[in-house]
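As a plain string of letters, each chain reads:
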Amino acid sequence: MRTALLQSSGHPGSTAANLKVLDAAAARAAAAGAGVLVAPEMFLTGYAIGDDVARLAEPADGDAADAVADIAGRHGLAVAYGYPERDGAAVFNSVQLVAADGARLANYRKTHLFGCFERERFTPGEQPVVQAELGGLRVGLMICYDVEFPENVRAHALAGTDLLLVPTAQMHPFQFVAESVVPVRAFESQMYVAYVNRVGAEGEFDFVGLSTLAGPDGVARARAGRGEELVFADADPDLLAASRAANPYLSDRRPELYGPLTA
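Here the structure is a predicted model, which means the values were calculated and not measured. (Residues numbered from 1 in each chain as written. Predicted model: local features only at pLDDT ≥ 70, side-chain atom pairs only at ≥ 80, totals over all residues. Heavy atoms only, no water.)

Draft legend 1. Structural detail: the packing of helix α1 (residues 15-31) against helix α3 (residues 63-75). At a minimum axis separation of 9 Å, α1 and α3 run at an interaxial angle of 20°. Comparing their axes, α3 and α1 come out roughly parallel. Where α1 crosses over α3, the handedness of that crossing is right-handed. Where α1 approaches α3, its residues Thr15, Leu19, Leu22, Asp23, Ala26, Ala27 and Ala30 are matched on the opposing element by Ala64, Ala67, Val68, Ile71, Arg74 and His75. (Axes fitted to C-alpha atoms, helices over the stretch in contact; angles between N-to-C directions. Helix = DSSP H or I, 4+ residues; strand = E, 2+ residues; numbered from the N terminus. Parallel < 35°, antiparallel > 145°, perpendicular 65-115°, else oblique. Left-handed = near helix turned anticlockwise from the far one by under 90°. Contact = heavy atoms within 4.5 Å.)

What follows is the structure, encoded as structure tokens:
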């Protein structure tokens, strides 16, 4: 499945403006034959927007979700996007996956919050593995810091995830995560990982870009630079099957030895 990675910080503080950016990217992605477009963490509102996080947060089925569903339906491709989700008094750092017909397929709430900025504004999610079927692949959802925990990605591998979508807001000086950690995660858990970042200065942060789609062989199929960019790469189920047949990591596991990891 051709996967489009939208590396952009959009317009922090303006959901309406970011929906226009998403619409334009969806048109380009659909024209290039993409089956799914992935936008970064907190794309709909901006990331470093302080207390506006709570003001701009919406339910998973709110007006912004309806607008994204319309974008997906008009352009005929699935869309995964980061946004602040309101559920009662709680606000979650979430990603939602919408199908090409506009149906909401899956919604994931970030389980591992990074730093004081996030812990002061969000409630952590409690469901580690969220999946949906898309284009013949089992697609999983995760957000930024979550992918830096190997246990998280391995849980997806054991649940059969083929393509892991990871909207992110990765900032300087942690660019080694995009460059090194993400390809290793893809290799050690035998899946594709689409890691889609924000870019440039925003508030106190400097986002490093470097969005990538890494394959189960540990090779980056696409790698963005440091600017606004839309990049494409394919998640090939045949290569995935061949890699899993050749790589024994999952079959050679000895889970009876791993109890101390959760003690």
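Draft legend 2. Region of interest: the packing of aromatic side chains. Evaluated as defined, the whole model comprises 11 aromatic pairs. Look at Tyr47 and Phe207: their rings are 5.7 Å apart centre to centre, the planes differ by 90°, and that puts the pair in the edge-to-face class. Taken as a pair, Tyr47 in the loop between β2 (36-38) and α2 (52-56) and Phe207 in strand β11 (residues 205-208) lie far apart in primary sequence, 160 residues in all. Residue Phe207 is classed as buried on the basis of its relative accessible area of 2%. Note on Phe114 and Phe174: the rings are 6.1 Å apart at their centroids and 80° apart in plane angle, and the pair reads as edge-to-face. One end of the pair, Phe114, is in the loop between β5 (104-109) and α4 (115-119); the other, Phe174, is in the loop between β8 (163-167) and α6 (176-189), with 60 residues separating them in the sequence. Overall, Phe114 belongs to the partly exposed group, its relative accessible area being 30%. Aromatic ring contacts, followed pair by pair, group Phe114, Tyr145, Phe149, Phe174 and Phe176 into a single cluster. Residue placement shows Arg109 over the ring face of Phe92; its charged tip is 3.9 Å from the ring centre. It is Arg121 that lies over the ring of Phe117; its NZ or CZ is 4.4 Å from the centre. (Phe/Tyr/Trp six-rings, centres within 6.5 Å; stacked < 30°, edge-to-face > 60°. Buried < 20%, exposed > 50% of the residue type's maximum accessible area, 1.4 Å probe, protein only. Lys NZ or Arg CZ within 6 Å of the ring centre and 35° of its normal.)

Draft legend 3. Summary view of the sheet that holds strand β13 (residues 220-223). Spatially, 6 strands are ordered β6-β7-β8-β9-β12-β13 in an open sheet, and the strand pairing comes out mixed. Looking at the sheet topology across the chains shown, the edges are occupied by β6 (131-134) and β13. Between one strand axis and the next, the sheet turns through 20° on average, direction left out of account. Direction of pairing for strand β7 (residues 137-141) relative to β8: parallel, over a ladder of 3 bridges. Paired with Leu141 across the two strands is Leu165, which belongs to β8. (Pairing = 2+ DSSP bridges.)

Draft legend 4. Structural detail: the pairing of strand β1 (residues 2-7). The buried fraction of β1 amounts to 5 of the 6 residues, a majority that puts the element mostly inside the structure. Looking at chain direction, β1 and strand β14 (residues 229-234) are connected through 6 bridges and run antiparallel. Following the sheet pairing, Leu6 is matched in β14 by Leu230. Sheet analysis places β1 next to β2, joined by 3 bridges and oriented parallel. For Leu5, the partnering residue across the bridge sits in β2 and is Val38. A crossover connection joins β1 to the parallel β2 through α1; in handedness this β-α-β unit is right-handed. (Right-handed = clockwise from strand over helix to strand, strands pointing away.)

Draft legend 5. View of empty space enclosed by the protein. Across all of its chains, the model carries 1 cavity of 30 Å³ or more by this definition. Counted as a void, the largest cavity has a volume near 70 Å³. If you go around the largest cavity, the residues you meet are Thr15, Leu44, Thr45, Leu56, Glu58, Pro59, Ala60, Ala64, Ala65, Tyr81, Tyr83 and Pro84. Elements that contribute at least two residues to the lining of the largest cavity include exactly α3 and β3 (78-87). Counting residues per element, the lining of the largest cavity draws most heavily on β3, at 3 residues. (1 Å grid on protein atoms, 1.4 Å probe; cavity = no way out; pocket = protein on both sides within 12 Å on 5 of 7 lines; lining within 4 Å. Points joined across faces, edges and corners; volume = space filled by probe spheres on them.)

Draft legend 6. Representation of the pairing of β8 within the structure. Of all the 5 residues making up β8, 5 are buried; the element is thus mostly covered by neighbouring parts of the structure. Crossover β7 to β8 through helix α5 (residues 150-158) is right-handed. Summarising the sheet, β8 and strand β9 (residues 192-196) pair through 5 bridges and their orientation is parallel. Of the residues in β9, the one forming a bridge with Leu164 is Val193. For the segment spanning β8, α6 and β9, crossover handedness is right-handed.

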